[in-house]
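# Results of the structural survey
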Amino acid sequence: MTVVCHRPEGLEQLEAQTNFTKRELQVLYRGFKNECPSGVVNEETFKQIYAQFFPHGGEFCLSLVGRPCLESLHVSPVLPSLPADASTYAHYLFNAFDTTQTGSVNFEDFVTALSILLRGTIHEKLRWTFNLYDINKDGYINKEEMMDIVKAIYDMMGKYTYPVLKEDTPRQHVDVFFQKMDKNKDGIVTLDEFLESCQEDDNIIRSLQLFQNVM
């Protein structure tokens, strides 16, 4: 059986397309290739690599791309590290990295997403987060999608918040999110509504700036 290896674009091109230096890209690529010699990552391997790059992976992904949802739930994460029951949320995270929806992530996909999450503008980070929440990629966030996200967040950190989330309240959390985000009350949240609501919230903006100098 022949293994087809994916070779990334030149580092100079990736340096121009991302907010990483050539040296940083070299470090990231060595780690990426070490974990996945074929040059592409499936969902399970993606989770392992993510956890290695960010030892406090749970705190990272929740603070950075979970904050708009967390703010609507009125809870604070006190999670020390990526917990064992994070698989559902990590699944949605992988799908957001997999922009072509092929079931795999190559090095370009990986560093492009990291560049946005770590060093992108507030607007870029919020657009990426919207894409994460928009599970079916139709350009809107509906209540069913938000329910799935809330349940995934609860599965990951329900026992590690203050106050502790109750299992029978996900619908209430979704309603609070839509009350804040759904400006015209049509039952869906558009990108413009999401951007406007998040940019009006100082807590969300501060959280998006926390990891600006992680690397």
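What comes next concerns the included structure. (Residues numbered from 1 in each chain as written. Predicted model: local features only at pLDDT ≥ 70, side-chain atom pairs only at ≥ 80, totals over all residues. Heavy atoms only, no water.)

## Observations regarding the overall build of the protein chain
A tally of helices and strands in the protein chain yields 12 helices and six strands. The proportion of buried residues among the 215 residues of the protein chain is 48%. Counting only contacts in the protein chain whose residues sit at least 6 apart along the sequence, the fraction spanning at least 24 positions is 67%. When the accessible surface of the protein chain is totalled, it reaches about 10800 Å², and 50% of it is carbon and sulfur. (Helix = DSSP H or I, 4+ residues; strand = E, 2+ residues; numbered from the N terminus. Buried < 20%, exposed > 50% of the residue type's maximum accessible area, 1.4 Å probe, protein only. Contact = heavy atoms within 4.5 Å. Areas by Shrake-Rupley, 256 points an atom, 1.4 Å probe, with all protein chains shown as cover.)

## Comments concerning the side chain of Asp201
In this structure, Asp201 sits in the loop between helix H11 (191–199) and helix H12 (202–208). Owing to a relative accessible area of 14%, Asp201 belongs among the buried residues under this scheme. Looking at Asp201, its side chain comes within polar contact range of the side chain of Lys180, at 2.5 Å. (Polar contact = N/O pair within 3.5 Å; in protein donor to acceptor, adjacent residues only side chain to side chain.)

## Regarding the environment of Leu132
Mapped onto the elements, Leu132 comes out in helix H8 (residues 122–133). On the basis of relative accessibility, which here comes to 1%, the residue Leu132 falls in the buried class. In this structure, the C-alpha to C-alpha distance between Leu132 and Leu93, residues 39 residues apart in sequence, is 6.5 Å.

## Quick notes on the pattern of salt bridges
One pass over the full model with this rule turns up five salt bridges. Among the salt bridges present, the one from Glu12 reaches Lys22, with a minimum N-O distance of 2.9 Å. Linking Glu12 in helix H1 (residues 11–17) with Lys22 in helix H2 (residues 22–35), this pair joins segments that are 10 residues apart in sequence. A residue is classified by how much of its surface remains accessible, and Glu12, at 48% relative accessible area, is partly exposed. A salt bridge links Glu24 to Arg119; the shortest N-O distance between them is 2.9 Å. With a gap of 95 residues between them, Glu24 in helix H2 and Arg119 in helix H7 (residues 107–119) connect regions that are remote in the sequence. Grouping residues by exposure puts Glu24 and Arg119 together as buried. (Salt bridge = Lys/Arg side-chain N within 4 Å of Asp/Glu carboxyl O.)

Distances and angles like these do not, on their own, reveal function.
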